[in-house]
Amino acid sequence: MSEKKTFKTAARMKEIMQEYYAKGAAAKEKRIPVAWVTAIFPVELLYAAGIFPYYPENFGALASARKVADKLSRYAEAKGYAHDLCGYARCGIGDAYAEEHPVGEILKPDVTFCCNTQCGSLSKWFEVASRFYNVPYFLLDAPQILDQPEELATGYYVDQLKEMIAFLEEITGKPFDYDRLLEVLHLSNETCRLWNEILDTAAMKPAPFGFFDACFHMAPIVTMRGTREAVEYYQALKEEVDERIKEGKYAIPNERFKIYFDHIPLWPKLRWFSELFASHNSLVAVSQYTHSWAYSFDLERPLESLAENYTEEFVNRSFEHRLQLKMNFFRKYGVDGFVLFSNRSCKPTSLGLYDKRSVLSERTGLPGVVFDADMSDLRFFSEAQILARLEPFFEQLASSQ
Amino acid sequence: MSIEVLEVLKKTFADPGRQVKEWKQDTGGKAIGFLLTEVPEELIHAAGFFPFGICGGRARLEQAEAHLQSWACSYVRKGLAMAINGELDFLDGIIVPLTCDSTRLLPGIWKHNKPLPYMDSYRLPKQVERPSAKKYLFKELERIKYNLSAYRGKEITDEELKQSIRLYNSNRGLLRKLYNIHEHNPEAISNKDLYTVLGASMVIEREKLNRYLSELVATLEEQTKPPAGKKKTKLYISGTFINPPEVLDYLDESGGTVVGDDLKNGYRYIQDDVEEAGISPLESLVNRQLKKKPFAGYDVPSAPRRYNLVKASQQKKAQGVLFLHLKYCEPENYDYYDNLQALEQAGIPSMRIETEFGDTSLGQLQTRIHAFMEMVGGESNV
C-alpha cells in the first residue's frame, strides 16, 4: 500500500482509535470498570453492561507493527517467560514489567474476560494478568467443535453467558439490560455486514481492496464492533472503496494474480510483504484471519446466537472443516495460489499447515507454499529464508498462466 | 534386592507395546491409546478395550518434522512420530485430551497421516468452579461413552463401569501406597523404580497390574526395615513429565528422593479416585475431573496452582523443587514465574530444567541435577 494510495478514511481511523483509547483512560476516572477481553469474545455483553472493553491483543499487534515487540518481550523473558510464547502475550506481560513504554502503557484491567475459542495462550496470559493485577478472571470456555456444531458445546456456552451476565450484574450493581444488548447486537451485525462487503470487493478483478488494506483497517471491527462509531467508520470506508471502483483505482498497479494468505500478517513487515507481493503483480486478496469478524446475530435468540457465532470460528474447527473453508475462499475470490504463514506465536493457526499445503495443492491444483516466521518478533524473521520460499512460488504462479 | 514382579514391571516399561500385543493376540480384543493424563480410562476399560498410555518410544522426532513444526512440544511430536513409525500399529483407536493448543491440533494431523478406526478427543472443561462445567462435562463423558459403546457394538453398562472404577481405584490406591513407601523409605524402592512402575501401569493389562502391585506392595511392606545410610534429600518435582528417565538416576545417585510431584506420568496419574457408592458412575467420573488439582491446563481462582505447589512441598518437607518442563510447553511456561515467586516467598529453593522427548543432553542434565542436589541437600553422595 503506497502512500499516495492510502485511504482517506485512514485518517478517520486514527481519530476514532485515539478516541477509543481516550475513553479507556477516562473510564478509570469515571469509575467505569475496564475489562480486558479477547478478540473473539462476545463483547456485545460488555457494551450492553456499560463496561469498557480493552483488547490486549490489539496492544500486542500495535507494538509488533511498531517493531518493538522484541524490546517489550525482553522484559517478560527476564522473568522467565520463554521467547516462544505468543508474541502478543510477551508484549503485554513485558509491558507490565517495563520501565519504558514505547507504545504507551497497557491499560490496567479491573477484571479480565477471556474466551478460548481462539487458543489456550490467551487464557494462560489472562490468568497471568489476573494474578499480576490482582483482579477477577472469567473464562468463557469453548470446547473444540469436532465435526459439526453440536448442542453440547453451544448449550454449555449459553449456560456460561448466563453466568457471565450474573457476574456483570455483580460488577455493575445493575440489572443486565437486554434491550440494550439487542441494540448492540444490531450495531455489531451492521459493522460485520459492512466489513465483509468491503472484504468481498477483493474478489473483483482488478480489486480496489486487498488483505493488506484489511489489516490496516481492521482495528475497529476487532475493538469497536457493537458501537455506532464502528458502523460509521465502515460506512465511510465502504463509500470510499465504491468510489475507487468507479474511478478505477486499484489496490495494486498491475493485478495479475490473486493470493490466499493464512492467517495473521507479520505486523512488523506488513509493508515489506505488501510491496513484495505487489512487485509480483500479486494481490493478497483474502485470509481466513480478516474474515473472522463475520458475525450475524439473530436478535430473536440473542444468547444462542452469540454462542454459535463465537464458538464456530474457523480456529475452533476440525482439520477437514478448515480445509473446506480455505477452498471456499479460493473459489469465491478466484485465487491463483496460496501462501501459508507458519506463525511461531500462534499454534492454533499454524499446526497442521505443513500437511494442509500438500492437501490443498492436490485438491485444487493451485501452487502453494508455507514459510516460518513470527507475527510479532523480528528475531524470528529471516528475509533470505522467506524469499527462498516465496520466489519459487512466484515463478510457479507466473508459469501457471 | 530383586523382586520378581518389579522385574516384570521394569520389562513392561522398557518395551511398552509388548503386553498389549500379546493381549490382543490372546483375546482378539482391541486397544485404545490415550495421551496423558486426563482421559477417563475407566470408560475405555469398561468397554473391554485395552487402555494404552502413550508416553515416549523409540521413534525419532525427525519422523514428525514434515507434519509438525519443531516448536510444537516434543510430547506430541514424539507421539505422532511413533504413529508414523509404525510403533503404535497395535492401536485400534486413540483419545486425545485437549489440554493445550498442541493437543488440540494434534488429532486432525494424526488422522490425516495415520487414521485409526476409532479417534476421539476429550474436551475437558477449562473452568471447573461454575455450575455450567459439571452439566457440560456430564454430557461430554456421555458422548465419549456413547462413542466407545458404538465402537464395541454394545452399550457400556453401569455395572461394567463400576467394576472398572473399582479396579482402577484399587490400582491407584496401591500405586499411592508404593509412592508412600518410597517417600518414607527410599531404600525400599528407588526413584527410578517408582516411576518405572508408574510408567508400566499405563501400558499393562490392568487386572494383571492389580495382582503385581498387591504382591509388590506386600513384599516391600514386609521387607521394610529402618532406612540405612545417609539421610536423603527430599525433592518435589513440578512440571509436565518425568523425562528423560535418566533424571531419576541422577537423583538416585546424588542422594535425592522424590517425595511429591504434579506430573502427568507421576502423581497426577494416581492422585484422584472415583467415588464408588451412591451416584451414577458417570457422575462420579465427572466429580473426579472437577475436583482434580489445577495444572498447567488451567488454574482455579479459589485454589491456585502455585499455592498447591507450596503447600504440597511444605507438607512433604521437600528441601527443594525441581521444575521439569518440556521445551515449548506454553502452559507450563506461563505458570512458571508465579510458581517461582510463590516458592521464593515460602523460602523453598528451586531449579528449572527444560527437556525434550528424545533430545536432551544427558551430561549437562546430570551436572545440573548434581549441583542442585548439593545446593539444597548440603551434602551429596556424588
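Predicted model only: the values in this text are computed from it and were never measured.

Calculation rules
- Residues numbered from 1 in each chain as written.
- Chains lettered and ligands numbered in written order.
- Predicted model: local features only at pLDDT ≥ 70, side-chain atom pairs only at ≥ 80, totals over all residues.
- Helix = DSSP H or I, 4+ residues; strand = E, 2+ residues; numbered from the N terminus.
- Buried ≥ 20, exposed ≤ 12 C-beta atoms within 10 Å, placed from the backbone.
- Contact = placed C-beta atoms within 7 Å.
- Rg over C-alpha atoms; globule rule 2.2 N^0.38 Å.
- Pairing = 2+ DSSP bridges.
- Axes fitted to C-alpha atoms, helices over the stretch in contact; angles between N-to-C directions.
- Domains from an automatic or database assignment.
- Nonpolar A, V, L, I, M, F, W, Y, C, P; charged D, E, K, R; others polar.
- Right-handed = clockwise from strand over helix to strand, strands pointing away.
- Parallel < 35°, antiparallel > 145°, perpendicular 65-115°, else oblique.
- Left-handed = near helix turned anticlockwise from the far one by under 90°.
- Expected span 1.5 Å × (residues − 1).
- Core = buried A, V, L, I, M, F, W, Y, C linked by C-beta atoms within 7 Å.

Before going further, it helps to examine the overall build of chain B. For chain B, the helix and strand inventory stands at 15 helices and 8 strands. Each of the 382 residues in chain B was classed as buried or not, and the buried ones make up 52%. Within chain B, counting contacts between residues at least 6 apart in sequence, those at least 24 apart form 75% of the total.

Attention now goes to the overall build of chain A. Counting its regular elements, chain A contains 17 helices and 8 strands. Its C-alpha radius of gyration of 21 Å places chain A within 12% of the 21 Å reference for a compact globule of 401 residues. Referenced to the eigenvectors of the C-alpha coordinate spread, the extents of chain A come out at roughly 65 × 50 × 45 Å. A total of 401 residues make up chain A; the buried ones form 53% of that total. Counting contacts in chain A only where the partners sit at least 6 residues apart, residues at least 24 apart contribute 75% of the total.

This paragraph deals with the sheet that holds strand β1 (residues 34–36) of chain A. All names here are of chain A. Strand order across the open sheet formed by 4 strands is β2-β1-β3-β4, with parallel pairing between neighbours. Looking at which strands have only one partner, the edges of the open sheet turn out to be β2 (52–54) and β4 (137–140). Within the sheet, the average angular offset between the axes of one strand and its neighbour, ignoring direction, is 30 degrees. Contacting β3 (111–115) and β4, helix α7 (residues 151–172) runs over the sheet at an angle of about 155 degrees to β4.

This part covers the environment of Glu330(B). Counting through the fold element by element, Glu330(B) comes out in helix α14 (residues 330–345). Taking the C-beta count within 10 Å as the criterion, Glu330(B) has 26 such neighbours and is therefore assigned buried. When the C-alpha atoms of Glu330(B) and Gly297(B) are compared, they prove to be 9.6 Å apart, with 33 residues separating the residues in sequence. Non-local contacts of Glu330(B), meaning those with residues more than four positions away in its chain, are made with Leu85(A), Ser121(A), Lys124(A), Cys100(B) and Asp101(B).

Turning next to the domain arrangement of chain A. All names here are of chain A. Taken domain by domain, chain A holds domain 1 (3–176) and domain 2 (211–218 + 252–400). Facing 34 residues of domain 1, the contacting portion of domain 2 comprises 30 residues. Broken down by element, the residue count for the side of domain 1 that touches domain 2 peaks at 5 residues, all from α7. Residues that form the side of domain 1 that touches domain 2 fall into these classes: 21 nonpolar, 8 polar and 5 charged.

What follows deals with the sheet that holds strand β5 (residues 233–239) of chain B. Residue and element names in this part refer to chain B. One open sheet holds the 4 strands; their spatial order is β6-β5-β7-β8, and the pairing between them is parallel. The sheet terminates laterally at β6 (256–261) and β8 (350–355), the two strands that pair on one side only. Ignoring which end each strand starts from, the neighbouring axes of this sheet average 30 degrees apart. As judged from the 5 bridges shared by β5 and β6, these two strands associate in the parallel manner. Across the sheet, Thr233 pairs through a bridge with Gly256, a residue of β6.

Counting buried residues along β6(B), 6 of its 6 residues qualify, which places the element largely inside the surrounding structure. Each parallel crossover has a hand, and for β5(B) linked through helix α10 (residues 246–253) of chain B to β6(B) it is right-handed.

Phi is mostly negative for residues that are not glycine, and the peptide bonds are mostly trans. A cis amide bond links Asp262(A) to the next residue, His263(A), at an omega of -20 degrees. Following the sequence through the fold, His263(A) ends up in the loop between β5 (257–262) and α12 (270–279). The amide bond that connects Asn243(B) to the next residue, Pro244(B), takes the cis arrangement and shows omega of -5 degrees. Here Pro244(B) is to be found in the loop between β5 and α10. The phi angle at Arg31(A) is positive, at roughly 60 degrees, despite the residue not being glycine. Within the secondary structure, Arg31(A) is located in the loop between α1 (9–30) and β1. A residue is classified by how many C-beta atoms lie within 10 Å of it, and Arg31(A), with 7 of them, is exposed.

All names here are of chain B. Helix α12 (residues 281–291) packs onto helix α6 (residues 131–152) with a crossing angle of 125 degrees between their chain directions and a minimal axis gap of 9 Å. Regarding the angle of α6 to α12, the classification is oblique. The crossing of α6 and α12 is right-handed. For the pair α6 and α12, contact is made by Ala133, Lys134, Leu137, Phe138, Leu141, Glu142 and Lys145 and by Leu282, Glu283, Leu285, Val286, Gln289 and Leu290, respectively. In terms of residue class, the contact of α6 with α12 is built from 8 nonpolar, 1 polar and 4 charged.

Of the residues lining the interface, 38 residues belong to chain A; the matching set on chain B comes to 41 residues. When contributions to the side of chain A that touches chain B are tallied by element, the ones reaching two or more residues are α6 (120–133), β4, α7, α15 (347–350) and α16 (353–364) of chain A. Element by element, the count of residues in the side of chain A that touches chain B is highest for α6(A), at 8 residues. Looking at the side of chain A that touches chain B residue by residue, the class counts come to 16 nonpolar, 11 polar and 11 charged.

Residues and elements named next belong to chain B. It is the contact of helix α1 (residues 4–14) with helix α8 (residues 191–200), at a shortest axis distance of 8 Å, that shows an interaxial angle of 65 degrees. Where α1 crosses over α8, the handedness of that crossing is left-handed. Between α1 and α8, the contacting residues are Leu6, Leu9, Lys10, Thr12 and Phe13 on the first element and Asp193, Thr196, Val197, Gly199 and Ala200 on the second. The residue makeup of the contact of α1 with α8, split by class, is 5 nonpolar, 3 polar and 2 charged.

Glancing now at helix α17 (residues 383–400) of chain A. Residue and element names in this part refer to chain A. For α17, which comprises 18 residues, the first-to-last C-alpha distance of 25 Å matches the rise-based estimate of 26 Å (1.5 Å per residue) to within 8%. When we look at burial in α17, the residues that qualify are Ile386, Phe393, Phe394 and Leu397. Against the buried residues of α17 lie β5, β6 (282–286), β7 (337–343) and β8 (368–373).

Quick look at the nonpolar core now. Nonpolar side chains tend toward joint burial in soluble globular proteins. Residues and elements named next belong to chain A. Counting 239 residues, the largest nonpolar core has Ala35, Ile259 and Ala285 as the members making the most contacts within it. Residue contributions to this core peak at 9 residues, all from helix α8 (residues 178–200). Residues from two domains meet in this core; each of domain 1 (3–176) and domain 2 (211–218 + 252–400) gives at least three.

All names here are of chain B. Counted at 1.5 Å a residue, the expected span for helix α7 (residues 158–184) with its 27 residues is 39 Å, and the 38 Å between its end C-alpha atoms agrees. By the burial criterion, the buried members of α7 are Leu161, Ser164, Ile165, Tyr168, Asn171, Leu174, Leu175, Leu178, Tyr179 and His182. Check the buried side of α7 and you find it contacts α3 (41–46), α8, α9 (206–223), α11 (267–270) and α12.

It is worth spelling out the environment of Leu187(A) at this point. Residue and element names in this part refer to chain A. With respect to the helices and strands, Leu187 occurs in helix α8. Take Leu187: there are 20 C-beta atoms within 10 Å of it, and that puts it in the buried class. Put simply, Leu187 and Ala230 are 43 residues apart on the chain and 8.3 Å apart in space, counted from C-alpha to C-alpha. Apart from the residues within four sequence positions on either side, Leu187 is in contact with Gly226, Thr227, Arg228 and Val231.

Moving on, we come to the environment of Lys192(B). Residue and element names in this part refer to chain B. You can see Lys192 is positioned in helix α8. With 19 C-beta atoms counted inside 10 Å, the residue Lys192 sits in the partly exposed group. Each C-alpha atom of the pair Lys192 and Pro245 lies 7.3 Å from the other, and the pair is 53 residues apart in sequence. When neighbours within four sequence positions are excluded, Lys192 is seen to be in contact with Pro245, Leu248, Asp249 and Asp252.

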